[in-house]
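Each chain, written out:
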Amino acid sequence: KAHLSRARDAAPPPGRDTETMAVVINAGRLDFDRKLDFTKLKDACGGELTMFDDDSPTPEAIAERASGHSVVVSKEVPVDVNLLPDTVKLICEAGTGYNNIDLAAARARGITVCNVPSYSTDAVAHLVITFVLNFSATIVPQHVALAKGDRSLFTSSLGTTPHFELTGKTIGLVGGTGAIGTKVAEIARVLGMNVLVWSRSARTEPGKWEARASLKDLLAESDFVSVHCPLNDETRGLINADAIACMKPTAYVINTARGPVIDETDLVSALRAGAIAGAGLDVQEVEPPVEGSPLYELDNVMLTPHVGWKRLETRQRLMDLVADNVTAYKAGAPVNVVN
């Protein structure tokens, strides 16, 4: 019978073979509704799996929880590799991004790091299009008015509120040649939109998108700008005041990738000044935004709490793919290795 220890302060069962043991260090971020099935992951770990139910443990707590385990499963929480015990041989980031792990430090210690690159493709792409549709049909302003008891929109025009068709509009994908960007492009084209893409390696793909040689060109031509690049030293603050200045005053920016790709201070200034029409942000520089953040108050911002990957089916797929990563590693043929 598979052993599953689940608690805030669970300790690894004594006398177990650490080579088959795994710990999910912040299962609360993954299984917040207690609806996930961990059977496949337990089986991949030889029936031994420990999980901790909080979602944001400290690096010191992570190191303590990793004691006696060879596999560490993390989800969007900083992992100090240098604090981990020598038993750890594999860190599996339960997601696409892995900027929370020092890859060089892991390599120096002989720890393999892998991720799960394509589990949320459909879900995140659908969220991007949801932002686009909401902006074009003014769904959020109408709902906010009703929530305040204002029913005037039912008896008068929409006034100056933007309300427009998507056919013929242009969506520009920043770093959008990966799986999610490709899916966004596919759906956007079905809606009759033009699709542009910019990245260091982007090439025009007939029937998918047109590539632009510079980010400035993409920003200037797009009615919607959707961010799809990873967070690294080159992309941090990529969408800053200078970049936003290239955009149309009627354009919207959407970020479902990583918050710090957009300079939040510059974005807020532009939104307050009406330099662009609005922003749809599923990710922010700090998650959740600090108390008093203007993002909570701006009328032209749609803010969601990093929900793109949180649909039940998406999370179940994620955990099953984590299990595949563990199985491949144990077989001596690790997959999705990022270091």
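Up top you'll find the structure we're talking about.
Notes on the structure in this doc start here. (Residues numbered from 1 in each chain as written. Predicted model: local features only at pLDDT ≥ 70, side-chain atom pairs only at ≥ 80, totals over all residues. Heavy atoms only, no water.)

## A word on the overall build of the protein
Per the secondary structure count, the protein includes 11 helices and 13 strands. At 22 Å, the protein has a C-alpha radius of gyration in line with the 20 Å of a compact globule built from 339 residues. Summarising its shape, the C-alpha atoms of the protein cover approximately 70 × 50 × 35 Å along the three principal directions. In the protein, which comprises 339 residues, the proportion classed as buried is 49%. (Helix = DSSP H or I, 4+ residues; strand = E, 2+ residues; numbered from the N terminus. Rg over C-alpha atoms; globule rule 2.2 N^0.38 Å. Buried < 20%, exposed > 50% of the residue type's maximum accessible area, 1.4 Å probe, protein only.)

## Some details on the sheet that holds strand S9 (residues 210-211)
The strand order across the open sheet formed by 7 strands is S9-S8-S7-S10-S11-S12-S13, and the pairing between neighbours is parallel. Of all the strands in the sheet, just S9 and strand S13 (301-303) have a single pairing partner and so form its edges. Across the sheet, helix H5 (residues 121-137) lies against strand S7 (170-174), strand S10 (224-227), strand S11 (252-255), strand S12 (278-281) and S13, angled at about 150 degrees from S12, the strand it touches most. Helix-sheet contacts for helix H10 (residues 264-273) involve S11, S12 and S13, and the interaxial angle to S12 is about 140 degrees. (Pairing = 2+ DSSP bridges. Contact = heavy atoms within 4.5 Å. Axes fitted to C-alpha atoms, helices over the stretch in contact; angles between N-to-C directions.)

## Some details on unusual backbone geometry
The peptide bond linking Glu287 to Pro288 adopts the cis configuration, its omega dihedral lying at -5 degrees. In this fold, Pro288 is placed in the loop between S12 and S13.

## Focus: the pairing of S11
Taking every second residue as pointing to the same face, both faces of S11 are buried, with Tyr252 and Ile254 on one and Val253 and Asn255 on the other. As judged from the 4 bridges shared by S10 and S11, these two strands associate in the parallel manner. Paired with Val227 across the strands is Asn255, a residue of S11. Where S11 meets S12, 4 bridges bridge the pair, whose relative direction is parallel. Each residue of the ladder has a partner; that of Ile254, found in S12, is Gly280. On the question of chirality, the crossover connecting S11 to the parallel S12 by way of H10 is right-handed. (Right-handed = clockwise from strand over helix to strand, strands pointing away.)

## Some details on the pattern of salt bridges
Pairing between side chains becomes possible if they bear opposite charge and their charged atoms approach one another. Inspection of the entire model under this criterion finds 13 salt bridges. Across the salt bridge formed by Asp223 and Lys248, the nearest N and O atoms sit 3.0 Å from each other. Highlighted residues: Asp223 in the loop between helix H8 (215-221) and S10 and Lys248 in the loop between helix H9 (241-245) and S11, separated in sequence by 25 residues. Its relative accessible area of 12% is what places Asp223 among the buried residues. (Salt bridge = Lys/Arg side-chain N within 4 Å of Asp/Glu carboxyl O.)

## Let's talk about the packing of aromatic side chains
Scanning all chains against the criterion turns up 4 aromatic pairs. Following the ring pairs from residue to residue traces out a cluster consisting of Phe135, Phe164, Phe224 and Tyr252. Residue placement shows Lys75 over the ring face of Trp309; its charged tip is 4.1 Å from the ring centre. Positioned above the aromatic ring of Phe32, the side-chain terminus of Lys310 is 5.9 Å from the ring centre. (Phe/Tyr/Trp six-rings, centres within 6.5 Å; stacked < 30°, edge-to-face > 60°. Lys NZ or Arg CZ within 6 Å of the ring centre and 35° of its normal.)

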